[in-house]
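Take a look at the letters that make up each chain.
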Amino acid sequence: MTTINSVLGSLDTANLGFTLMHEHLLVASAGISQNYAELLGAGFIDRIVDGLTQAKKGGVDTIVDATTLDLGRDVTIIAEASRRSGVNIIACSGWWLDTPRFLGGVSADQFAQLFIREIREGIAGTGIKAGILKSASDVGGVTPAGETVLRAVARAHLQTNVPIMLHSYSPGQVGRQQLAILKEEGVDLRRVKMDHSNDTTDVEYLTWLLEQGCYLGLDRYPGFNVSSQARTRTMKALIDAGYANRLLPSHDHSLVGVIGEASPIQLADREKRNPHGYLYMKKVVLAQLKEMGVPKAILNSLCVDGPRNFFEGV
Ligand SMILES: [Zn+2]
């Protein structure tokens, strides 16, 4: 038996059920929900609860909320939404790409201590504990600031055994750099998931990642630049190659974002692209895979066995 931290306390991995491994309840910047909540729109907490309640009714049991502090993490809202909807939620520690000037002088070991506290004692004095660690690198590869956080995440993982999710830029194969640094830090790559891996259709690169031992977050649906169908064809190729239980399909969907007048993606556009929210996986992707001939047993285990294996460190 393995227990992990959910926002409502310890959770047995046997009870994870159907799990989406990379989603967001809300995405903003640090401190927005506490200071400028009107930018999130009226009744935004109810909108989050509604979205999660629909997901629960549709068979989603657990969500990993990939929102770090710099993406506007607010664990009191996450915990309230989990309680009201009945969806288990795993909150994350670590850092995304928005490193402010103030943090420029913070070392990897200092960051690691902060992350360890969020896992062992709780976040911002709430007692709500993080259950996953996140680090991010994007188009430009691993930057100096990104490397500091990546090494901090590795060190916090080695102290706590909490697994690691990596925001990555798969078209540029940035995962190769990220894994090299984690290897230097002594991380067993079976405790790592490489996220946004379905922003590429390069099966050779994805197979290389899998051979290193890490899991793949196929966690952008419907996503941009690569079509939803092409993403699913890539997933099918990896299933056919025997990797079904190392794949972590998800959407990277957020229920609430900042309502800016100049926002590049308006809510209406987003809803047109994905009217199913957290249920797109069940309603569209699993149906596509079925049509492509993926056996029922695998369809039933996707989003169940992979997440459980990942958290159990198999
Ligand atoms: Zn995300």
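Anything mentioned here points back to the structure above.
Calculation rules
- Residues numbered from 1 in each chain as written.
- Predicted model: local features only at pLDDT ≥ 70, side-chain atom pairs only at ≥ 80, totals over all residues.
- Heavy atoms only, no water.
- Donors = N, O, S within 2.8 Å, 3.2 Å for Na, K, Ca; no water.
- Buried < 20%, exposed > 50% of the residue type's maximum accessible area, 1.4 Å probe, protein only.
- Pairing = 2+ DSSP bridges.
- Helix = DSSP H or I, 4+ residues; strand = E, 2+ residues; numbered from the N terminus.
- Axes fitted to C-alpha atoms, helices over the stretch in contact; angles between N-to-C directions.
- Contact = heavy atoms within 4.5 Å.
- Expected span 1.5 Å × (residues − 1).
- Arc of directions from axis to C-beta.
- Parallel < 35°, antiparallel > 145°, perpendicular 65-115°, else oblique.
- Left-handed = near helix turned anticlockwise from the far one by under 90°.
- Nonpolar A, V, L, I, M, F, W, Y, C, P; charged D, E, K, R; others polar.
- Polar contact = N/O pair within 3.5 Å; in protein donor to acceptor, adjacent residues only side chain to side chain.

Describing the coordination of the zinc ion
Right, on to step 1. Coordination of the zinc ion by the protein comes from H22 (NE2), H24 (NE2) and D252 (OD), over a distance range of 2.1 to 2.2 Å.
Right, on to step 2. Site description for the zinc ion: donor spacing in sequence, H-x1-H-x227-D. Across the pair, exposure class does not vary: H22 and H24 are buried alike.

Comments concerning the sheet that holds strand β12 (residues 254-257)
Right, on to step 1. Strand order in this open sheet of 4 strands is β5-β4-β3-β12, and the pairing throughout is parallel. Both edges of this open sheet fall to β5 (88-90) and β12, since each of them pairs with a single strand only. Ignoring which end each strand starts from, the neighbouring axes of this sheet average 30 degrees apart.
Right, on to step 2. Examined bridge by bridge, strand β4 (residues 62-65) and β5 share 3 bridges and lie parallel to one another. Each bridged residue has a counterpart across the sheet, and for T62 the counterpart in β5 is N88.
Right, on to step 3. Sheet strands in contact with helix α12 (residues 305-312) are β3 (19-27), β4 and β5, and its direction is about 85 degrees off that of β3.

Quick look at the side chain of H251
Right, on to step 1. Along the chain, H251 turns up in the loop between β11 (247-249) and β12.
Right, on to step 2. Judged by relative accessible area, H251 falls into the buried class, the value being 2%.
Right, on to step 3. Residues in contact with H251, not counting those within four places in the same chain, are L20, H22, E23, D219, R220, Y221, G277, Y278, L279, Y280 and M281.

Considering the sheet that holds strand β7 (residues 132-136)
Right, on to step 1. The parallel open sheet is built from 6 strands, whose spatial order is β6-β7-β8-β9-β10-β11. A strand with exactly one partner marks an edge of an open sheet, and here the two such strands are β6 (92-94) and β11. On average, adjacent strands in this sheet sit at an angle of 30 degrees to one another, irrespective of strand direction.
Right, on to step 2. Here strand β8 (residues 164-167) runs beside strand β9 (residues 192-194); their pairing, made up of 3 bridges, is parallel.

Structural notes on helix α2 (residues 44-57)
Right, on to step 1. Between the first and last C-alpha of α2 there are 20 Å, a value that for 14 residues agrees with the 20 Å anticipated at 1.5 Å per step.
Right, on to step 2. Here α2 has its buried residues at F44, I48, V49, G51, L52 and A55. Along the long axis of α2, the arc covered by the buried residues comes to 160 degrees, so they all point the same way. Exposed positions of α2 whose direction lies more than 90 degrees from the buried face are Q54 and K57.
Right, on to step 3. At the exit of α2 stands G59, carrying a positive phi of roughly 105 degrees.

Quick word on the packing of helix α5 (residues 144-160) against helix α6 (residues 175-184)
Right, on to step 1. Interhelical geometry of α5 versus α6 gives an angle of 45 degrees and a closest axis separation of 9 Å. Put simply, α5 runs oblique to α6. Relative to α6, α5 is oriented so that their crossing is right-handed. Here E147, L150, R151 and A154 of α5 come into contact with α6, specifically with Q178, I181, L182 and E184.
Right, on to step 2. In terms of residue class, the contact of α5 with α6 is built from 4 nonpolar, 1 polar and 3 charged.

Some words on the environment of R73
Right, on to step 1. Mapped onto the fold, R73 is located in the loop between β4 and α3 (75-85).
Right, on to step 2. Owing to a relative accessible area of 7%, R73 belongs among the buried residues under this scheme.
Right, on to step 3. With 43 residues separating them along the chain, R73 and A30 place their C-alpha atoms 6.8 Å apart.
Right, on to step 4. Excluding residues that lie within four positions of it along the chain, R73 makes contacts with Q34, T67, T68, I78, C92, S93, E118 and I123.
Right, on to step 5. Polar side-chain contacts of R73 include one of 2.7 Å to the side chain of E118.

Note that all results are geometric; they support no functional claim without further evidence.
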